Amino acid sequence: MVEAFQEVVGHVFSSEGSYGSERVEVTLLANKSVYRGEYLCIRHPYEASKPVFIQVETASLRRPSASYEEKLLRDGQVRQDPEKIVGKAFCWQVGYEDSGLVRPLLTPIPPLTPVYRPGPEALSSFIAPGGASISLGTIYPTDVRLSLSLKVLFRQGALVVGGVGTGKSTLLMTLMVRMLRTVRNPHILLIDWDGEFRSGLLEKAAEDGGGYLRVTASTRLARRVRSLSPEAWYSAFRTRAGLTGSSKEARALYAVVKRVEEEGASSMEWSQQEFDRILSMVQSEDVRRNLEERGKTLFKQSPEEGNGVDVVEAVRSKALVHADFSDASNWDEIINRSRGMLEACYLQARSGPSFGVAVFIDEVHNFAPQSPHEGAASREAYDMMIPVMKLIATTGPRNGMPLFLATQRLSEVDKFISTQMGQNIFAFRVEDVDLERLRSIMGSDIAYSARLLPRGYCIYKGHALKIQRPVICVVDKEADVASVGRDLLTRWGSQ
Ligand SMILES: Nc1ncnc2c1ncn2[C@@H]1O[C@H](COP(=O)(O)OP(=O)(O)O)[C@@H](O)[C@H]1O
Ligand SMILES: [Mg+2]
């Protein structure tokens, strides 16, 4: 792997004079500069052909200052003196590859060790995951492709954060298009509240991948009778009703459900009738009344659910079901419809291993806000929606229903959900208020570069690479989202 060591950028040098193995301080050559987040490497001390990678956490220039200089500057006397300036990079060790695994070098990295900028192939082979992957863009500042493991993405889903206009929807679009083109037999449910994802290219990718269906707020949806295993019925009820496992109500319900199971029932219907039957078997009147109260809204069907599109069948038979709610008349309609669709898919995914769907929701703070009373829809709509979202965020991925969510503000999404989803995160430029949270999710100061990223650039941190360090990525744009060109100035300009 000779190409790892072509370009020397500097040497290990600690201004304090001590050398460990984790943190590496580098003094750069006069004509070289490095970027925060960039990957560099050194030679392995015992296997010289092997690169040990380090990642730049901060890069800075150092210039010793003399006490009189400030006064000179005040008087307008600027002496550049470039000889005094030294470029520094503070790095963390990432490790080296050893038969497919990334291992840390445990011995100290000696003073004056040469530090290289790795060639593209060396970097790519160090970072790229094994198995099937999708490519989303390039690793900044190189031409190396950033490919993420599909298996991991589908096992964990992903959360996309970033301010308005930073590139979140464009990334979701790229993810969907590439999934549709790469995966055999894909199934995606896209919840699109304002028609942002109406795109000929996306539809075409879906058609080619197995079919496209658009449903809108006025599409009639079919009513489904769903059945679940008793265990799944219990946990769906408990989570949706917001009961803790240790509450009297939950325990009483569990006992009844277990009894039903022992009597030979292998499935239970998710319906009001079934619920009434279960209730009648609860001994304590108090507990029964509480359960009845909690379950009051859970089995309600919207009145318009008649003979119409069966969401589960649609998802099963199409590559992309696009729920385009741009014709909805209010937020409650959007939330209630979305909940119905998600719930139907979730129940199906739980009850049968042959059903699975990747769910995409943009601007998810409108669907699961951290403060429901400040959200766009009514409290009642959120009281039913948020438990469903929580349930899918936690147990969806392992039941073949991962979530791909985007939001402009990390702190505006239900915290439980954002924490669950933080394992795979794409951060575009974020507001300062979200930086500390992002820093703690990413575990690295590289998160701070999210303050300055240009649009279309994001930091990816997650498990879908061979290494679990943040990587700065320039996202490929597959297609424009619909809001592009719909703003006021563009409208006036086109008159
Ligand atoms: N990766 C990218 N490459 C090129 N242009 C991009 C990229 N991402 C976003 N843009 C452009 O930036 C603008 C905002 O993108 P968008 O995805 O709508 O942002 P957000 O959803 O975060 O508000 C659009 O004009 C879009 O075309
Ligand atoms: Mg957007």
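Model, not experiment: these values are computed from the prediction.

Here is what the cut-offs are and how they apply
- Residues numbered from 1 in each chain as written.
- Chains lettered and ligands numbered in written order.
- Predicted model: local features only at pLDDT ≥ 70, side-chain atom pairs only at ≥ 80, totals over all residues.
- Core = buried A, V, L, I, M, F, W, Y, C linked by C-beta atoms within 7 Å.
- Buried ≥ 20, exposed ≤ 12 C-beta atoms within 10 Å, placed from the backbone.
- Contact = placed C-beta atoms within 7 Å.
- Pairing = 2+ DSSP bridges.
- Helix = DSSP H or I, 4+ residues; strand = E, 2+ residues; numbered from the N terminus.
- Axes fitted to C-alpha atoms, helices over the stretch in contact; angles between N-to-C directions.
- Near = placed C-beta within 6 Å.
- Nonpolar A, V, L, I, M, F, W, Y, C, P; charged D, E, K, R; others polar.
- Expected span 1.5 Å × (residues − 1).

> Any chance you could explain the nonpolar core here in plain terms?
In a soluble, globular protein the nonpolar side chains are often hidden away together inside. Grouped together as the largest cluster of nonpolar side chains are 143 residues, with contacts concentrated most on M176, C345, C458 and C473. In this view, C458 contacts G162, G167, L171, F426, A427, F428, L453, C473 and V475; residues no more than four positions away in its chain are not counted.

> Quick question: what am I supposed to make of the sheet that holds strand β19 (residues 457–461) here?
Through backbone hydrogen bonds, the strands of a sheet pair up, either in parallel or in antiparallel fashion. As summarised here, the arrangement of the 11 strands in space is β9-β8-β20-β19-β18-β10-β17-β16-β11-β15-β12, forming an open sheet in which the pairing is mixed. Where the open sheet ends on each side, the last strands, each with one partner, are β9 (145–149) and β12 (212–216). Each adjacent strand pair in this sheet contributes to an overall mean axis angle of 25 degrees, direction not counted. With four bridges connecting them, strand β10 (residues 158–161) and strand β17 (residues 403–407) associate as parallel partners. From the neighbouring strand, L159 faces β17, where its bridge partner is L405.

> When you look at the site of ligand 1 in this model, what are you seeing that I'm missing?
Around ligand 1, the structure places 16 residues, and the nearest of them are G167, K168, S169, T170 and G456. The element best represented in the shell around ligand 1 is helix α4 (residues 168–182), accounting for three residues. Broken down by class, the residue content of the shell around ligand 1 amounts to four nonpolar, eight polar and four charged.

> How should I be thinking about helix α11 (residues 331–351) in this particular structure?
For an α-helix the count is 3.6 residues per turn, leaving residues at separations of three or four pointing the same way. The end-to-end C-alpha separation of α11 is 30 Å, in line with the 30 Å expected for 21 residues at 1.5 Å each. When you tally the buried positions in α11, you get 17 out of 21 residues, the bulk of the element.

> Whenever I open this one, the environment of P118 confuses me. Can you help?
Position of P118 among the secondary structure elements: in the loop between β7 (114–117) and α2 (120–127). Considering only alpha carbons, one finds P118 and P51, 67 residues apart in sequence, at a separation of 8.2 Å. Residue contacts for P118: discarding those within four places in its chain leaves A4, Y39, C41, P51 and L123.

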